[in-house]
Amino acid sequence: MKQWYLFIAFFRVGMLGYGGGPSSIPLVHKEVVEKYKWMSDEEFGDVLALANTLPGPIATKMAGYIGYKVAGYAGLVNALLASIIPTIFLMILVLTSLSAYKDQPWVLGMTKAVVPVVAVMLAVLTWQFYKNGQKGLGWKVNLVLVIASLVIMEVLGLHPGILIAALLAWALFSPVKQKQKDKSAKEVAAAAERKMV
Amino acid sequence: MITQWKIFLAFFIPGILGYGGGPSSIPLIENEVVDRYNWLTVKEFSEVLALGNSLPGPIATKMAGYIGYQEGGILGAFVGVFATVAPSLILLIALISLLYKFKDSPKVKKMTLYVRPAIAVMLAVMAFQFLDGSYLDIGLWQTLFLCAASFLLMEKLKVHPAFVITGALGYGAIFLA
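Every value quoted in this text rests on a predicted model; they were computed, and no experiment measured them.

## Details of the UniProt feature "transmembrane region" (unreviewed entry) in chain A
Residue and element names in this part refer to chain A.
Move 1: Per the UniProt record, "transmembrane region" (unreviewed entry) is annotated on residues 79-101, 113-130 and 142-173.
Move 2: Here residues 113-130 runs as 100% helix and 0% strand, with 27 Å between its end C-alpha atoms.
Move 3: Split by type, residues 142-173 is 88% helix and 0% strand. Its first and last C-alpha atoms lie 20 Å apart.

Okay, structure coming up:
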């Protein structure tokens, strides 16, 4: 049953994602986090971040990893095929036998109307990540990081993958804050006290 | 066999050099299939690309599947897609497995937290690019109308995106033709 759900989820993602793989990110989020609850928001964010630091198509990396996580290697192949095979088949079919349709105005009109819908989905997902960041980091640090990321990516033109890799390295090599350590130490002490009582 | 090997190389290289998802690897694919192997002319390539963009699904694998099929049949399609997808997917699984071994370490938790604002910005930039493209293509009012309608349907009325996208396709076929 799991394999069937995986197939359906990524088939929908593949068939509805107009504008290349990245436009399907909100669709993957919808299926994987909201509908089937295979992952938490945090985990989805981790996978998206790491996928972005690596080269190659993003949609297939997400499908492959999520399939693997949910149902092992069979799940990997299943999710991957579900997201790419139908659209490749469509492409070959259209190019070999239906090429007369491809310049029809109504065919072009269909694709154009989906672009704003994808923009809205991306904007909604942006807002969710912003709020999640605020929850974890506090609104000041979050806002500073957002503005810094925006400047680095858009004004300085650094690729998002490099920025994310740098942030990961920073998190890894900077010392864990003393305050947090103290706090957790106090919590442990408090818990111990409660136990004693 | 030589052809299959060439197909593999032609899509392996864009797959490991293309940062930022499929669409960013398109110029790299063009470089291989047009300039290096002469499988397609520039004009043919742009036609295949235009068609690929009008169909749903990831673009890099559609290109690899179609061009592979054209050059090497069904096996060629398989080789092209495999070369596009496999290297980066294997890397991702290895990296995440490594990271999740240390899931409870405070440093890994910090990593999750620190990248969130960057992802928000990346998604926002993508949203803006889609908006801007739509504005240039179908104008301000159509873009605004479609944005407002899809926001209302998906976020307020909780309609599944599948129906909203299908509806948009229908709307476009009639009103944007």
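The structure having been displayed, the exposition proceeds.
## Considering empty space enclosed by the protein
Move 1: Overall, the coordinates contain three cavities of 30 Å³ or more when judged by the stated rule.
Move 2: Its volume calculated, the largest cavity comes out at about 50 Å³.
Move 3: In terms of lining, the largest cavity is formed by D46(A), A49(A), L50(A), L168(A), L99(B), V108(B), M111(B), T112(B) and V115(B).
Move 4: A per-element tally of the lining of the largest cavity places helix α5 (residues 106-138) of chain B first, with four residues.
Move 5: A breakdown of the residues in the lining of the largest cavity according to their chemical character gives seven nonpolar, one polar and one charged.

## Focus on the packing of helix α6 (residues 139-155) of chain A against helix α7 (residues 160-173) of chain A
Residue and element names in this part refer to chain A.
Move 1: The contact between α6 and α7 brings their axes to 10 Å, and the two run at 140°. Relative to α7, the element α6 is oriented oblique. Note that α6 runs across α7; the crossing there is right-handed. Taking contact as the criterion, the partners of L145, S149, I152 and M153 in α6 are, on α7, P160, L163, L167 and W170.

## Some details on the interface of chain A and chain B
Move 1: Tallying the contact residues gives 97 residues for chain A and 83 residues for chain B.
Move 2: Buried surface at the junction of chain A and chain B, summed over both partners, amounts to about 8,300 Å²; 80% is from carbon and sulfur atoms.
Move 3: Counting every contact that joins chain A to chain B gives one salt bridge.
Move 4: With a closest N to O distance of 3.8 Å, R116(B) and E42(A) form a salt bridge.
Move 5: On inspection of chain A and its partner chain B, the count reaches seven residue pairs in polar contact (both at pLDDT 80 or more).
Move 6: Contributions of two or more residues to the side of chain A that touches chain B are made by α1 (2-16), α2 (25-35), α3 (41-53), α4 (58-97), α5 (105-137), α6 and α7 of chain A.
Move 7: Here the side of chain A that touches chain B takes 26 residues from α5(A), the largest share from any one element.
Move 8: Looking at the side of chain A that touches chain B residue by residue, the class counts come to 61 nonpolar, 25 polar and 11 charged.

## Section: the packing of aromatic side chains
Move 1: Summed over all chains, the structure comprises 13 aromatic pairs over all chains.
Move 2: Judged by centre distance (5.9 Å) and plane angle (15°), the ring pair of F7(A) and F11(A) falls under stacked. Here the residue F7(A) and the residue F11(A) both occupy positions in helix α1, the gap between them amounting to four residues, near one helical turn.
Move 3: Centroid distance Y37(B) to W39(B): 4.8 Å. Interplanar angle 15°. Geometry classified as stacked. This pair shows no difference in class: Y37(B) is buried, exactly as W39(B) is.

Parameters at a glance
- Residues numbered from 1 in each chain as written.
- Chains lettered and ligands numbered in written order.
- Predicted model: local features only at pLDDT ≥ 70, side-chain atom pairs only at ≥ 80, totals over all residues.
- Heavy atoms only, no water.
- UniProt positions renumbered as here; feature names shortened; annotations may be inferred.
- Helix = DSSP H or I, 4+ residues; strand = E, 2+ residues; numbered from the N terminus.
- 1 Å grid on protein atoms, 1.4 Å probe; cavity = no way out; pocket = protein on both sides within 12 Å on 5 of 7 lines; lining within 4 Å.
- Points joined across faces, edges and corners; volume = space filled by probe spheres on them.
- Nonpolar A, V, L, I, M, F, W, Y, C, P; charged D, E, K, R; others polar.
- Axes fitted to C-alpha atoms, helices over the stretch in contact; angles between N-to-C directions.
- Parallel < 35°, antiparallel > 145°, perpendicular 65-115°, else oblique.
- Left-handed = near helix turned anticlockwise from the far one by under 90°.
- Contact = heavy atoms within 4.5 Å.
- Buried area = accessible area lost by both parts, 1.4 Å probe.
- Salt bridge = Lys/Arg side-chain N within 4 Å of Asp/Glu carboxyl O.
- Polar contact = N/O pair within 3.5 Å; in protein donor to acceptor, adjacent residues only side chain to side chain.
- Phe/Tyr/Trp six-rings, centres within 6.5 Å; stacked < 30°, edge-to-face > 60°.
- Buried < 20%, exposed > 50% of the residue type's maximum accessible area, 1.4 Å probe, protein only.

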